[in-house]
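Read off the chains here:
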Amino acid sequence: MEPKHLRSLTTTTGRNWLGLASLAAGILAWWAAARFGGLPAFILPSPIQVWMRFVRALTDGSLFLHAGVTLFEILIGLLVGALSATVLGYLVAKSRTLERVLSPYLVASQAVPLVAIAPLLVIWFGPGMFSKVLICALIVFFPVLVNTVVGVRAVPTALHNLMLSLRATPRQILLKLEIPAALPVFLGGLRIGATLSVIGAVIGEFVGADKGLGFLINVGRGQFDTALVFVAVFTLIALALVLYGIVALAERRFLVWQDTN
Amino acid sequence: MSAAPFLTVRELSAVFPDKNGGLRALDEVSFEVYPREFVCVLGPSGSGKSTILRILAGLLAPTAGEVIFSAGPQPKIGMVFQEANLMPWRSVIKNLTLPLELAGLETEAAREKAGDMMDLVGLDGFEEYWPRDLSGGMAQRVAIARALIHDPDLLLLDEPFGSLDALTRERMWTELSHIWQAKQKTVLMVTHSISEALFLADRVLVLTQRPGKVKLDLEVELPRPRKEEIRYTPQFGRLARKLKKAIG
Ligand SMILES: Nc1ncnc2c1ncn2[C@@H]1O[C@H](COP(=O)(O)OP(=O)(O)O)[C@@H](O)[C@H]1O
Ligand SMILES: [Mg+2]
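From a predicted model like this one, the values you see are computed outputs, not experimental measurements.

S.K.: I tried to follow the pattern of salt bridges on my own but got confused; where do I start?
M.R.: A pair can form between side chains of opposite charge whenever their charged atoms are brought close. Inspection of the entire model under this criterion finds 19 salt bridges over all chains. Among the salt bridges present, the one from Arg203 of chain B reaches Asp217 of chain B, with a minimum N-O distance of 2.9 Å. Placement of Arg203 of chain B in strand β8 (residues 203–207) and of Asp217 of chain B in strand β9 (residues 214–219) is noted, with a sequence separation of 14 residues between them. What makes Arg203 of chain B buried here is its relative accessible area of 5%. Taken together, the salt bridges that share partners define one network made up of Arg96, Glu99 and Arg153 of chain A.

This is how it looks when you write it as structure tokens:
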């Protein structure tokens, strides 16, 4: 469940000069390819053209508008998806019966490629924000659900017995045992969900929207404004990194007790 | 011993469901424990020792028989298992005070008591450590302190030193008998070590192979406080041979 190598990669980049140098070299290579590759700007704009397009989108307010809409969809979708997955995951972890009842749907929902049913959701719920929030929530749902189930199931029986021998109430068992014990695996699921939610919003916007970064990408493509596509893509990357970083920070804050080597 | 038993176990049976009509773990086990008595339960593995403790702690309902506490229907219990079972997300002091927290007793007096307890088990200064940074012996001392902090009526110990090395284990015997003498608790302790039982107990119960029955109920009339050297006395040797014979 836990991409350990990935975490150590992201935590070390802050002080990683080699990484920064490699990034700079990448941008330089991109610039050289655009400058000397003989490709027209609508195929490969140079970093400078992208930067200027970025500044223009920033000053005319369009970037804020579209990024804001996408961010809103992501946050609400993430909230709704993660919250419902957590509650349902807890119940599934506690009840084998519920697990048996729900498992065909859970397995099937995993087999359905969300990209394929996104058009359906837009037909049913319209091209507004609601269908995007829904797609976000659905894509976030599964990893959070699975990790909640795994996390709650992994609560040590011995600690459960300890709590019972001390006459702990169900509420105390939830708050003082199950939540803290399941938290590491749960946050791992949330981290995956946070990244996926960005993809969910963009899928929804591709299918049909008049706002959002996915919409902006479509516009850029239609108008051969490839620099705008780059701007939108980089903004999406930035959003995904920030969300990922927030969860990673939460992990560092709440999981200090874990062995970190 | 004083007249009224603290705990009476009467014809206790435990059957676990399995494919061939149920696995009988305990078969009509009866015994008594008197106030402030230290009783050890010895027996081969699988003879139902842990099952007895789990029934007494209210973690498991017996198939037949009854458990009577003179103090009321459910006494306060402190339990220690083979593993320390500390919560890794709580500091040492927070692990120690868990029973008080659950009982809603987080007062200034309680915090003082926690300090005394840290002293008693020799862990002064380790309050803010994470469990991951403790040795096995230290963790087990926290577990013992945690079992005592809410002033339980009955202490249930299930092979509490089984995972420790021999040297640490023998140090823990001395510590435990000090604590027991200081706190005047009633203790029921499961062990598979004859020396451990004779070093600590007032009385030793020996269970038979599964299904467990009480095979021998032996008074340990060795003077207290007991020191290391007591193991080389003829009295100790005689009792040890008796237990050994009963275990088979
Ligand atoms: N929850 C359970 N379900 C089924 N069988 C069990 C359970 N707990 C214990 N047993 C069985 O009951 C017997 C006694 O177990 P236990 O009390 O743990 O023995 P001891 O502590 O003396 O080694 C063993 O054969 C064990 O396998
Ligand atoms: Mg056992």
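And the narrative resumes.
S.K.: Just to check I follow, could you spell out unusual backbone geometry for this structure?
M.R.: In terms of backbone geometry, most residues other than glycine have negative phi values and most peptide bonds are trans. Each neighbour pair has its own omega, and for Arg210 of chain B with Pro211 of chain B the value is -5°, a cis peptide bond. Summarising the element assignment, Pro211 of chain B is placed in the loop between β8 and β9. A cis geometry characterises the amide bond from Arg224 of chain B onward to Pro225 of chain B, with omega recorded as -5°. Among the secondary structure elements, Pro225 of chain B is positioned in the loop between β9 and α8 (234–247). Not every positive phi belongs to a glycine, and Phe224 of chain A is a case in point at roughly 55°. You can see Phe224 of chain A is positioned in the loop between α10 (213–222) and α11 (226–254). Backbone geometry places Glu159 of chain B, a non-glycine residue, at a positive phi of 45°.

S.K.: Please clarify how a negative patch on the surface should be interpreted in this entry.
M.R.: A cluster of acidic residues, Glu112, Asp116, Asp119 and Asp124 of chain B, forms a negative patch at the surface. Positionally, Asp124 of chain B belongs in the loop between α4 (108–120) and α5 (136–148).

S.K.: Whenever I open this one, the site of ligand 1 confuses me. Can you help?
M.R.: Residues and elements named next belong to chain B. Near ligand 1 lie 13 residues; those nearest to it are Gly46, Lys49, Ser50, Thr51 and Arg210. Contact distances for ligand 1 include 2.7 Å between an oxygen atom and a side-chain N or O atom of Ser50. Contact between ligand 1 and Thr51: an oxygen atom at 2.5 Å from a side-chain N or O atom of the residue. For ligand 1, whose accessible area on its own is 560 Å², the fraction buried by protein is 65%. Elements that contribute at least two residues to the shell around ligand 1 include exactly β2 (23–33) and α1 (49–56).

S.K.: Which parts of the structure should I look at to understand the packing of aromatic side chains?
M.R.: Geometry of an aromatic ring pair is reported as the spacing of the ring centres plus the angle between the planes. Within this structure, the stated rule accounts for 13 aromatic pairs over all chains. For the ring pair Trp31 of chain A and Phe36 of chain A, a centre distance of 5.9 Å and an interplane angle of 85° mean the geometry is edge-to-face. On the accessibility criterion, Phe36 of chain A (62% relative accessible area) is exposed. Ring geometry for Trp173 of chain B against Phe199 of chain B: centres 5.4 Å apart, planes inclined by 40°, an arrangement best described as tilted. Linking Trp173 of chain B in helix α6 (residues 166–183) with Phe199 of chain B in helix α7 (residues 194–200), this pair joins segments that are 26 residues apart in sequence. In this structure Phe199 of chain B comes out as buried when scored by relative accessible area, which is 4%. Each member of the aromatic cluster is reached from another via a ring pair, and the members are Trp30, Phe230 and Phe234 of chain A.

S.K.: Explain the interface of chain B and chain A here, please?
M.R.: As a measure of interface size, the accessible area lost when the parts come together is often cited. Between chain B and chain A, the contact holds 21 residues from the first and 19 residues from the second. Regarding the contact of chain B and chain A, the summed buried area is about 1,800 Å², with carbon and sulfur atoms giving 68% of it. The largest per-residue losses of area from chain B upon contact with chain A belong to Trp89, Leu102 and Arg132 of chain B, which jointly make up 38% of the total buried on that side. Connecting chain B to chain A are 1 salt bridge. Across the contact surface, chain B and chain A share 7 residue pairs in polar contact (both at pLDDT 80 or more). Within the residue set of the side of chain B that touches chain A, elements represented by two or more residues are β5 (77–80) and α3 (98–102) of chain B. With 4 residues, α3 of chain B is the single largest residue contributor to the side of chain B that touches chain A. Residue composition of the side of chain B that touches chain A, by class: 14 nonpolar, 3 polar and 4 charged.

S.K.: Which parts of the structure should I look at to understand the nonpolar core?
M.R.: Nonpolar side chains in soluble globular proteins tend to end up buried together. Residues Leu156 and Leu188 of chain B are the most contacted members of the largest nonpolar core, which totals 92 residues. The biggest single contributor to this core is helix α9 (residues 170–207) of chain A, with 13 residues. If we skip the residues at most four places from it in the chain, Leu188 of chain B touches Phe31, Val33, Val39, Val41, Leu53, Leu56, Leu155, Leu156 and Leu157 of chain B. Counting 54 residues, the second largest nonpolar core, distinct from the first, contains Leu176, Ile179, Ala201 and Ile230 of chain B.

S.K.: What is the right way to read the packing of helix α4 (residues 62–94) of chain A against α9 of chain A from this model?
M.R.: The relative placement of two packed helices comes down to the angle between their axes together with the axis-to-axis distance. Residues and elements named next belong to chain A. For the pair α4 and α9, interaxial distance at closest approach is 8 Å and the crossing angle is 140°. Accordingly, the angle class assigned to the pair α4 and α9 is oblique. α9 is crossed by α4, and the crossing has right-handed handedness. From α4, Thr70, Glu73, Ile74, Leu78, Ala82, Thr86, Tyr90 and Lys94 reach across to α9, where they touch Leu174, Glu178, Phe186, Leu190, Gly193, Ala194, Ser197, Val198, Ala201 and Glu205. Of the residues belonging to the contact of α4 with α9, the class tally is 10 nonpolar, 4 polar and 4 charged.

S.K.: So what exactly am I meant to see when it comes to the sheet that holds strand β7 (residues 186–190) of chain B here?
M.R.: Sheets are built from strands that pair by backbone hydrogen bonding, the pairs being arranged parallel or antiparallel. Residue and element names in this part refer to chain B. The strand order across the open sheet formed by 6 strands is β5-β6-β7-β3-β8-β9, and the pairing between neighbours is mixed. Two strands lie at the open edges of the sheet, namely β5 and β9, each paired on one side alone. Neighbour-to-neighbour, the strand axes of the sheet open up by a mean angle of 15°, direction not taken into account. Here 4 bridges tie β5 to strand β6 (residues 154–158), and the two strands are oriented parallel to one another. The residue of β6 that forms the bridge with Met79 is Leu156.

The rules behind each value
- Sequence positions are assigned chain by chain, starting from 1 and proceeding in written order.
- Ligands are numbered from 1 and chains lettered from A, in the order in which they are written.
- In keeping with the predicted nature of the model, local features appear solely for residues at pLDDT of at least 70, side-chain atom pairs appear and are counted solely at 80 or more, and the whole-chain, interface and lining totals rest on all residues.
- Side-chain numbers here rest on the full set of heavy atoms in the structure, without hydrogens or water.
- A side-chain nitrogen of Lys or Arg and a carboxyl oxygen of Asp or Glu constitute a salt bridge if their distance falls within 4 Å.
- In DSSP terms, a helix is any run of H or I states spanning at least four residues, a strand is any run of E spanning at least two, and both are numbered starting from the N terminus.
- Throughout this description, buried means an accessible area under 20% of the type-specific maximum (1.4 Å probe, protein chains only), exposed means over 50%, and partly exposed covers the range between.
- Candidate patch residues must exceed 30% relative accessible area and have no salt bridge, after which like charges are joined if within 9 Å and Val, Leu, Ile, Met, Phe, Trp or Tyr side chains if within 5 Å.
- With residues, only the protein chains shown are counted as cover, and all accessible areas are computed by Shrake-Rupley using a 1.4 Å probe.
- His is not counted here, nor are the chain ends, while Lys and Arg score as positive and Asp and Glu score as negative.
- For the purpose of locating charges, the reference atoms are NZ of Lys, CZ of Arg, CG of Asp and CD of Glu.
- For each residue, the test is whether any non-hydrogen atom lies within 4 Å of the molecule or strand; if one does, the residue is near.
- As used in this structure description, the phrase polar contact means that two N or O atoms lie within 3.5 Å; if the pair is within protein, one of them must be able to donate a hydrogen and the other to accept it, and residues adjacent in sequence are counted only when both atoms belong to side chains.
- Here is the rule: rings of Phe, Tyr and Trp (six-membered ring for Trp) pair when centre to centre is within 6.5 Å. Planes less than 30 degrees apart are stacked, more than 60 are edge-to-face, and the remainder are tilted.
- Contact definition: two residues touch when any of their heavy atoms are within 4.5 Å.
- Note on terms: buried area is the combined drop in 1.4 Å-probe accessible area of two parts once they are placed together, counting the loss on both.
- Three classes are used, and their members are as follows: Ala, Val, Leu, Ile, Met, Phe, Trp, Tyr, Cys and Pro are nonpolar, Asp, Glu, Lys and Arg are charged, and the others, Gly among them, are polar.
- Buried Ala, Val, Leu, Ile, Met, Phe, Trp, Tyr and Cys residues that are joined via side-chain atoms within 4.5 Å together make up what is termed a nonpolar core.
- Axis geometry follows a simple rule: fit a line to the C-alpha atoms, using only the stretch in contact for helices, then measure angles between N-to-C directions, giving values from 0 to 180 degrees.
- Put simply, angles under 35 degrees are roughly parallel, angles over 145 are roughly antiparallel, angles from 65 to 115 are roughly perpendicular, and the rest are oblique.
- Should the near helix be turned anticlockwise from the far one by less than a right angle, the crossing is left-handed, and should it be turned clockwise, the crossing is right-handed.
- DSSP-based pairing: two strands are paired if at least 2 bridges between them are found.

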